[in-house]
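Residues per chain, in single letters:
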Amino acid sequence: FQWTSMIGTLYNQSGQLNIKVLLVCPYDLDHHGGVQNQVKLLKNGLVNKGINTKILGPSSYDYDIGNAVKIPFNGSQNPITFFPSQKIIKEAISWADVIHVHEPFMPFFFWRLHTKKKIIVTHHANIGNFIKACLKFLYLFTRYKKLYSTAVSSEALNNATALNKEIVIIPNMIEINKDIRYEDNGNFLFIGRDEKRKNLKLFVQLANFYESKFKFIAVTNKKTVNKSVVYHISPSEIDKKSIISNVGIYIAPNNKSESFGITILEAINHGNVAICSDIKAFKTLLNNSGIFFINDNFEDLKETISNLKEENLSEIWSKQYEYISQNYSMDKVLQKWIYVYKNI
């Protein structure tokens, strides 16, 4: 697609698209998670553009497929529904003109979507080669031979090849906070579940090293016994935004299996300078605007922080904020999805 030249003309001429978009989310929408966040944000953005949009998934206000249970997948615990309501699925499919399935390797009901309607799939995760090979074999027996495949990043794109060779990258998005400014409060922030791949332990190690010289704030899902860190356990979105605003420096110590890094965008978008491990997904996400340390290397993390004392943190934040505004703003990414829905 030639986004720049074609989307503007499309949107100006079409006004409101006369289509009904069904967003399929495999994960429980009452639980925090990157996929759920993007599905909700996409729905809100499309509805605000006048496009009739509903969500099919666990705990959806539109089409609730049933109770979810947590299963381990890709280094995380994911709440999904094993036995979704076929009645609800049929009702949702009957309503929709376009079906947009997020994380198609996860929803077990995906190959039960008995329809000839237009289907788009979006890959979010960066999964291992073994799981990818198994799922690729499984999908050989599904009825879907022609899908429009997208991925949120080049890391997630590797998964999409299991379903389709023709893939377009459309990144995750964020609603840019236009009222935020950087304030050097000298404190440190972590956002993420307490899982091995999120590497909260490295953040705690940093807090223990600095003892009481700085304030260390962790927005996570469970509390660890440690007096050096202030824990905020699963706050609401409104409370979360208040907690993470202008803390100072956001540490993203994630060590593997990341495909994007939405919490990095959130942190920058709320007035924090982001320091990230040098995994591929994060380097791709921020490009030259990023500050990186060697993955899972405590000594290099300390040195990176020490070197920043000589830098203008306000200028660094402004560079990161401008970069995410240019590449991941809600308005720009929405235009890409509207073009896909119109032309698939």
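As the structure is a computational prediction, the values presented were derived from the model and not from experiment.

K.L.:
Please provide a residue-by-residue account of the overall build of the protein, values included.
P.N.:
Looking only at helices and strands, the protein features 12 helices and 15 strands. Taken across its 344 residues, the protein has 55% of its residues classed as buried. In the protein, once contacts between residues fewer than 6 apart in sequence are set aside, the share between residues at least 24 apart is 67%.

K.L.:
Talk me through the side chain of Thr-220; I want residue IDs and the actual numbers.
P.N.:
For Thr-220, the location among the structural elements is in strand 11 (residues 216-220). At a separation of 2.8 Å, a polar atom in the side chain of Thr-220 contacts the main-chain carbonyl oxygen of Gly-192. Looking at Thr-220, its side chain comes within polar contact range of the main-chain nitrogen of Asp-194, at 3.3 Å. Beyond its immediate chain neighbours, meaning those up to four positions away, Thr-220 contacts Gly-192, Arg-193, Asp-194, Leu-200, Tyr-231, His-232, Ile-233 and Ser-234.

K.L.:
Please provide a residue-by-residue account of unusual backbone geometry, values included.
P.N.:
Phi is positive for Asn-246, which is not a glycine, with a value near 55°. By secondary structure assignment, the location of Asn-246 is in the loop between helix 7 (237-244) and strand 13 (248-252). On the accessibility criterion, Asn-246 (14% relative accessible area) is buried. Even without glycine at this site, Asp-296 takes up a positive phi of about 60°. Take Asp-296: it is sitting in the loop between strand 15 (291-293) and helix 10 (298-307). With a relative accessible area of 40%, Asp-296 lands in the partly exposed category.

K.L.:
Summarise the sheet that holds strand 10 (residues 187-191); cite the residues concerned and give the values.
P.N.:
Spatial ordering of the open sheet is given by 12-11-10-13-14-15, a layout of six strands whose pairing is parallel. The strands lining the two open edges of the sheet, one partner per strand, are strand 12 (229-233) and strand 15. Shown here is a sheet whose adjacent strand axes are inclined to one another by a mean of 25°, direction ignored. Here strand 10 pairs with strand 11 via four bridges, running parallel. Within the sheet, the bridge partner assigned to Ile-191 lies in strand 11 and is Val-219. Where helix 6 (residues 200-210) meets the sheet, its contacts fall on strand 10, strand 11, strand 12, strand 13 and strand 15, and the angle it forms with strand 11 comes to roughly 160°.

K.L.:
Describe the packing of aromatic side chains, with residues and values.
P.N.:
Scanning all chains against the criterion turns up 14 aromatic pairs. An angle of 80° between the planes, with centres 6.0 Å apart, marks the rings of Phe-209 and Phe-298 as edge-to-face. With Phe-209 in helix 6 and Phe-298 in helix 10, the pair connects residues that are 89 residues apart, well separated along the chain. Overall, Phe-298 belongs to the buried group, its relative accessible area being 13%. Taking the centre distance of 4.9 Å and the plane angle of 25° together, the rings of Trp-317 and Tyr-321 count as stacked. Residue Trp-317 and its partner Tyr-321 are both found in helix 11 (residues 313-328); the two are separated by four residues, about one turn of the helix. By relative accessible area, which is 4% here, Trp-317 ends up buried. Site record: aromatic cluster; members linked through ring pairs are Phe-188, Phe-190, Phe-203, Phe-209, Tyr-210, Phe-214, Phe-216 and Phe-298.

K.L.:
Go over the confidence of the model for the protein, please, and point to the residues and values.
P.N.:
In this model, the protein carries an average pLDDT of 86, and 84% of its residues clear a pLDDT of 70 or more. For the protein, the element scoring lowest by mean pLDDT is helix 1 (residues 3-14), at 42; strand 15 scores highest, at 98. Of the regions scoring below 50 in pLDDT, residues 1-14 engages in 19 contacts with residues more than four places distant in sequence or in other chains.

K.L.:
Lay out the pairing of strand 1 (residues 20-24) in plain terms, naming residues and giving numbers.
P.N.:
Counting buried positions along strand 1 gives four out of five residues, so the element sits mostly inside the fold. Read from strand 1 through helix 2 (residues 34-48) to strand 2 (residues 52-57), the crossover connection turns out right-handed.

K.L.:
Tell me about the sheet that holds strand 2, residues and numbers included.
P.N.:
Across the sheet, which stays open at both edges, the seven strands sit in the order 3-2-1-6-7-8-9 with parallel pairing between neighbours. Edge strands, defined here as strands with exactly one partner in the open sheet, are strand 3 (63-64) and strand 9 (167-169). In this sheet, strand 9 lies alongside strand 8 (residues 148-151) in parallel orientation, the contact comprising three bridges. When the sheet's bridge partners are listed, Ser-149 is paired in strand 9 with Ile-167. Sitting on the sheet, helix 3 (residues 86-95) touches strand 1, strand 2, strand 3 and strand 6 (98-102), and the angle it makes with strand 2 is about 160°. Sheet strands in contact with helix 12 (residues 330-343) are strand 1, strand 6, strand 7 (118-123) and strand 8, and its direction is about 150° off that of strand 7.

K.L.:
Which residues make up the pattern of salt bridges, and what are the values?
P.N.:
Per the stated rule, a full pass over the model turns up eight salt bridges. One salt bridge connects Glu-258 with Arg-197, and the closest N-O pair in it is separated by 3.2 Å. Here Glu-258, found in the loop between strand 13 and helix 8 (262-269), pairs with Arg-197, found in the loop between strand 10 and helix 6; they are 61 residues apart in sequence, far enough to count as distant. Here Glu-258 falls in the buried class, since its relative accessible area comes to 9%. Two residues, Lys-198 and Glu-258, come together in a salt bridge whose shortest N-O distance is 3.1 Å. Taken together, the positions of Lys-198 in the loop between strand 10 and helix 6 and Glu-258 in the loop between strand 13 and helix 8 put the pair 60 residues apart, joining distant regions of the chain. Of the residues examined, Lys-198 reaches a relative accessible area of 13% and is grouped as buried.

The rules behind these values
- Each chain has its residues counted from 1, running along the sequence as written.
- For this predicted model, a pLDDT threshold of at least 70 governs which residues receive local features, and a threshold of 80 or more governs which side-chain atom pairs are given and counted, while totals over whole chains, interfaces and linings are taken from all residues.
- The side-chain quantities take in all heavy atoms of the structure and omit both hydrogens and water.
- By the criteria applied, helices consist of DSSP H or I runs no shorter than four residues and strands consist of E runs no shorter than two, each listed in order from the N terminus.
- For the exposure calls, accessible area comes from a 1.4 Å probe over protein chains only, and a residue counts as buried if that area is under 20% of its type's maximum, exposed if over 50%, partly exposed in between.
- Here, residues are in contact when the closest pair of their heavy atoms is within 4.5 Å.
- Pairing of N or O atoms within 3.5 Å defines a polar contact, subject to two protein rules: one partner must be a possible hydrogen donor and the other a possible acceptor, and residues neighboring in sequence count only if both atoms are side-chain atoms.
- Two strands pair if DSSP finds at least two bridges between them.
- Axis lines are fitted to C-alpha atoms, over the contacting stretch for helices. Their N-to-C directions set the angle, which ranges from 0 to 180 degrees.
- Within 6.5 Å between ring centres, the rings of Phe, Tyr and Trp (the latter by its six-membered ring) count as paired, and their orientation is classed by plane angle as stacked under 30 degrees, edge-to-face over 60, tilted in between.
- Confidence per residue, as judged by the predictor, is encoded in pLDDT with a range of 0 to 100.
- Crossovers are marked right-handed if the path from the first strand over the helix to the second runs clockwise, as seen with the strands pointing away from the viewer.
- For this analysis, a salt bridge means a side-chain nitrogen from Lys or Arg found within 4 Å of a carboxyl oxygen belonging to Asp or Glu.

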